[in-house]
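Breakdown of the fold
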Amino acid sequence: MNEDYLKGLNPVQYNAVTKIDGPVLVIAGPGSGKTRVLTYRIAHLVNSGVAPWEILALTFTNKAAKEMKERIGKVAGDKANQIWAGTFHAIFARILRAEATKIGFPSDFSIYDPSDVKSCIAEIVKGQGFDPKAYGVSDIYHRISMAKNCLISPRDYAADAERLLDDKQANMPYVYKIYDLYIKKLQRSGAMDFDDLLFQMHRLLKENPDNVVEKYRKKFKYLLVDEFQDTNSLQYGIIQLLVKYPGSPQNICVVGDDAQSIYAFRGATIQNILDFEKDYPNLQVFKLEQNYRSTNYIVQAANDVISHNKKQIRKKIYTEKGEGEQIKVIRAVSDNEEARMVASMIAELKLRHRMKNEDFAILYRVNAQSRVFEESLKGHRIAYRIYGGLSFYERKEIKDLIGYLRVIVNPKDEEALKRIVNYPTRGIGDASLSKLSLAAEVNAIPLWEVLKKAVSFDNSISTRAAKSIQEFVMLIETFQRWLQTEDAYEMAKKAAKLSGILDDLAKDKTPEGQGRIENVQELLDGIKSFVEEDTIGELQTEVQDKTLSSYLQNIALVTDSDKDEDDNDRVKLMSVHAAKGLEFKAVFITGMEENLFPSLMALKSKDSRAAIDEERRLFYVAITRAEQHLVLTYASSRYRFGKMQYNNSSRFLEEISSDCMEIKSNNETAKVGGMKLPSQIKMPLKTTSSQAPIQIKVSPVHLIIPGAKVLHERFGEGKVMNVEGAPDNKIASIFFGGDIGEKRIMLKFAKLQVL
DNA sequence: GCGTATTCCATTTTT
DNA sequence: TGGAATACGC
């Protein structure tokens, strides 16, 4: 057995990898080799004789799953493909596909994306005659989603005094009613939303038809969960059902970092980590605290910031990467200036440190901030790529074609049906459609069934409309017959042509119109590669069949960000959330302002303490993305929603001890030592000596002794007060002039010249 | 029934 | 600011 992979591990990592039996909790600080531990652990399981298909590894993102599989492949070879590794959603969708009929869903169930969900809820609100102003669709969706994620059924909801009161205060007392109707409507439509992939999975295991739970308990002998801090109660519940039962070996390993929990807003709770210790008494805990990513100033800043959060598991990350460069804080007068300064700093760093575009990331709190950076980067001719925003699959023409495919596979899919029934326009207007929707609602049957016999449900339908509906039904039924013989690609090609989508798009001769045709073509190409190479985007899938149904199930859970296009040597722009799990040589965290980071939403939420703590963890995540260079920027004024807004600098800036930072404004630099960082807009500018690095002739370490006068490349002249530490890792306390004061400096990294 | 003009509206993060 | 719902004219 080749166990070379064990050699490069530090002692804690080694234990976390090799203690394979029983429950294990790994607390993994940022950059501590978490993925390494996880993948080596899986490789180690396989090498220890565990069959790969007995291993279930759950992640949050497709990207993480992909990376994990690739890295396992490198250590464990082909067997990696047989491991059940994927996102919670994808894995459970796969299981549900096999078991759905046991809980009253078709195995070809549709997966509703958030926009489907919203339109579905909107229809219910309308049908019930609730005031759409009071009943904001997104708000209702959020409440329903939270309920599901807390394992609250519609019946529980109706009996939950706290929820009812909260709904009442939000001026929407009938959310519980909408929830109930929504669930029923989904069931009628043979559809599940994202939350249902968890909720129904839990239901399946809990209600346990045909003792299905035993099947999966037997199958999955070893369970691993990544990003455990981001799991919600529902996910925890599923895990419990799979692992905690009489006689269970409880071979579960969860890996997470409470300090990086940034998804509480959608139900994640670090309570799961705390509960885990209670629920598994013989738990083994390993803490990975050594950071292999960042230099010391960055690590220290991260520790400083997170120490302001009360509720956390005790740990402190450290690094041996050396002191590194100080963190730069930059104030700009406007968002535009902020963008210009960031772009020119990138240009400068590229020159000075021979860095490439791909070494840089610009991070922001909200995607809307990306725009100004686009312009400034263009101005400097710096290649960039924006992550997030409107995804490929959210484009209208793509959704339209996928709408056809969904209806063909599952005609009960009402959201898809409504989208395409009159696109391209074929004379089935709103009037007819709302009559028929009503009939479907009243009779509690799928809209499709009503369409098939439209006139018998409502004889006020015009003959013209009735004829069009008839033709539409026949079109879909023709497609459905082909389903028996054709693969996904053939089906999609036929659908694009015969539906009239391609002809309709061809009418538009503008460049945008051409682009839409190209997009459809791209989708078709994607389906082709699914059929021929088992891929979805860039993701390798282990699909069972090449049917359209199988394709749709896979595609629903893949987003744009999963296919890494030609991001060769481009500066990456993304939200802090999107940056989680990534690392860059240089990171710019922008918009460090009150009301933006922390966000206004957090500040005015009803538990603002908890919300700000989450923002702080988000900031912690952002800081710890940086390997060598970290720049924090803020703007005194910025455009938001078409209006000029004036904000103070973020409270988070003040939480970083000032000796980690260097403060800059409009190219004039100022040192701040010991005093609080000015948070007002009118920040007093401390203009002192020039900050160009001083040319140093580095003196050997043994010459640096107490009393010596030394010159530091950035702090200037100072006097050595004290030297301590091991001979190969001496730390000197040096007193510098000006307002720098005394600093502790690791001699093996500092550039000092004895005078 | 259809396409365009206008007004309005809400603005976070994502599987 | 810009996307989406509504109003209006054909």
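About the thresholds
- Residues numbered from 1 in each chain as written.
- Chains lettered and ligands numbered in written order.
- Predicted model: local features only at pLDDT ≥ 70, side-chain atom pairs only at ≥ 80, totals over all residues.
- Heavy atoms only, no water.
- pLDDT = per-residue confidence, 0-100.
- Contact = heavy atoms within 4.5 Å.
- Axes fitted to C-alpha atoms, helices over the stretch in contact; angles between N-to-C directions.
- Helix = DSSP H or I, 4+ residues; strand = E, 2+ residues; numbered from the N terminus.
- Parallel < 35°, antiparallel > 145°, perpendicular 65-115°, else oblique.
- Left-handed = near helix turned anticlockwise from the far one by under 90°.
- Nonpolar A, V, L, I, M, F, W, Y, C, P; charged D, E, K, R; others polar.
- Buried < 20%, exposed > 50% of the residue type's maximum accessible area, 1.4 Å probe, protein only.
- Polar contact = N/O pair within 3.5 Å; in protein donor to acceptor, adjacent residues only side chain to side chain.
- Near = heavy atom within 4 Å.
- Salt bridge = Lys/Arg side-chain N within 4 Å of Asp/Glu carboxyl O.
- Core = buried A, V, L, I, M, F, W, Y, C linked by side-chain atoms within 4.5 Å.
- Pairing = 2+ DSSP bridges.
- Expected span 1.5 Å × (residues − 1).

Per-residue confidence for chain A gives a mean pLDDT of 85, with 90% of residues at or over 70. Overall, residues 667–693 carries pLDDT values under 50, and its contacts beyond four positions in sequence, including any with other chains, amount to 54 contacts.

This next bit is on the packing of helix H23 (residues 488–498) against helix H25 (residues 511–533). At a minimum axis distance of 8 Å, the contact between H23 and H25 shows a crossing angle of 160 degrees. Overall, the two elements H23 and H25 adopt an arrangement that is roughly antiparallel. When the axes of H23 and H25 are compared, the crossing they make is left-handed. Contacts from Ala488, Tyr489, Ala492, Lys493 and Ala496 of H23 reach H25 at Leu524, Ile527, Lys528, Phe530 and Val531.

Describing two packed helices takes the angle between their axes plus the distance from one axis to the other. Closest axis-to-axis distance for the helix H12 (residues 233–243)/helix H13 (residues 271–279) pair is 11 Å, and the angle between their directions is 25 degrees. By the angle between their directions, the pair H12 and H13 is classed as roughly parallel. As H12 packs across H13, the resulting crossing turns out to be right-handed. Contact residues: H12 offers Ser233, Tyr236 and Gln240, while H13 offers Asn272, Asp275, Phe276 and Asp279. Class assignment for the residues of the contact of H12 with H13 results in 2 nonpolar, 3 polar and 2 charged.

The subject of this paragraph is helix H1 (residues 11–18). For H1, the full list of buried residues reads Gln13, Ala16, Val17 and Thr18. On its buried face, H1 sits against strand E1 (24–28), helix H2 (34–47) and strand E8 (284–288). Measuring from the backbone nitrogen of Val12 back to the side-chain oxygen at the start of H1 gives 3.1 Å, which picks out Asn10 as the cap.

Neighbouring DNA strand C are Arg371, Phe641 and Gly642. When the atoms of DNA strand C within 4 Å of the protein are grouped by moiety, sugar and phosphate amount to 75% of the total. One nitrogen or oxygen atom from the side chain of Arg371 is found 3.0 Å from a phosphate oxygen belonging to DNA strand C.

As a further point, take the pattern of salt bridges. For the structure on display, the rule yields 49 salt bridges. Put simply, Glu207 and Arg203 hold a salt bridge, and the shortest N to O gap is 3.1 Å. Highlighted residues: Glu207 and Arg203, both in helix H10 (residues 194–207), separated by 4 residues, approximately one helical turn. Taking relative accessible area as the criterion, Arg203 reaches 22% and is therefore assigned partly exposed. Across the pair Arg651 and Glu594 runs a salt bridge, and its minimum N-O distance is 2.7 Å.

So, about the nonpolar core. Buried together is how nonpolar side chains tend to be arranged in soluble globular proteins. In this structure, Ile121, Ile140, Ile178 and Phe276 are the most contacted members of the largest nonpolar core, which totals 68 residues. Beyond its immediate sequence surroundings of up to four residues, Ile140 is in contact with Ile121, Val125, Tyr135, Met172, Val175 and Ile178. Ranked by size, the runner-up nonpolar core spans 54 residues in total, among them Tyr297, Val305, Ile589 and Ile612.

Residues in contact with DNA strand B amount to 22 residues; listed here are only the nearest, His89, Arg266, Arg365, Asn367 and Phe641. Of everything in DNA strand B that lies within 4 Å of the protein, sugar and phosphate atoms constitute 49%. At 2.8 Å from a base oxygen of DNA strand B is found a side-chain nitrogen or oxygen belonging to His89. Between DNA strand B and Asn422, the relevant distance is 3.4 Å, taken from a phosphate oxygen to a side-chain nitrogen or oxygen of the residue. By residue class, the composition of the surface near DNA strand B is 8 nonpolar, 11 polar and 3 charged.

Let us now look at the pairing of strand E18 (residues 626–640). Counting buried positions along E18 yields 13 of 15 residues, so the element is predominantly enclosed. Here 6 bridges tie strand E11 (residues 327–334) to E18, and the two strands are oriented parallel to one another. By the bridge assignment for E18, Lys328 is matched with Val631. Across 4 bridges, E18 lies against strand E19 (residues 643–646) in antiparallel orientation. Its bridge partner being in E19, Arg638 is matched across the sheet by Gln645. Hairpin connection between E18 and E19: a loop of 2 residues separates the two successive antiparallel strands, and Phe641 in this loop has a positive phi of roughly 55 degrees.

Under the 1.5 Å per step criterion, the end-to-end length of helix H5 (residues 114–127) is 20 Å for 14 residues, consistent within 8% with the ideal 20 Å. The set of residues buried in H5 consists of Asp116, Val117, Cys120, Ile121, Ile124 and Val125. Residues of H5 that are buried sit in contact with strand E4 (110–112), helix H6 (137–149), helix H9 (175–188), strand E5 (191–193), helix H17 (396–409) and helix H18 (414–420). Looking at the residues trailing H5, positive phi occurs at Gly129, about 75 degrees.

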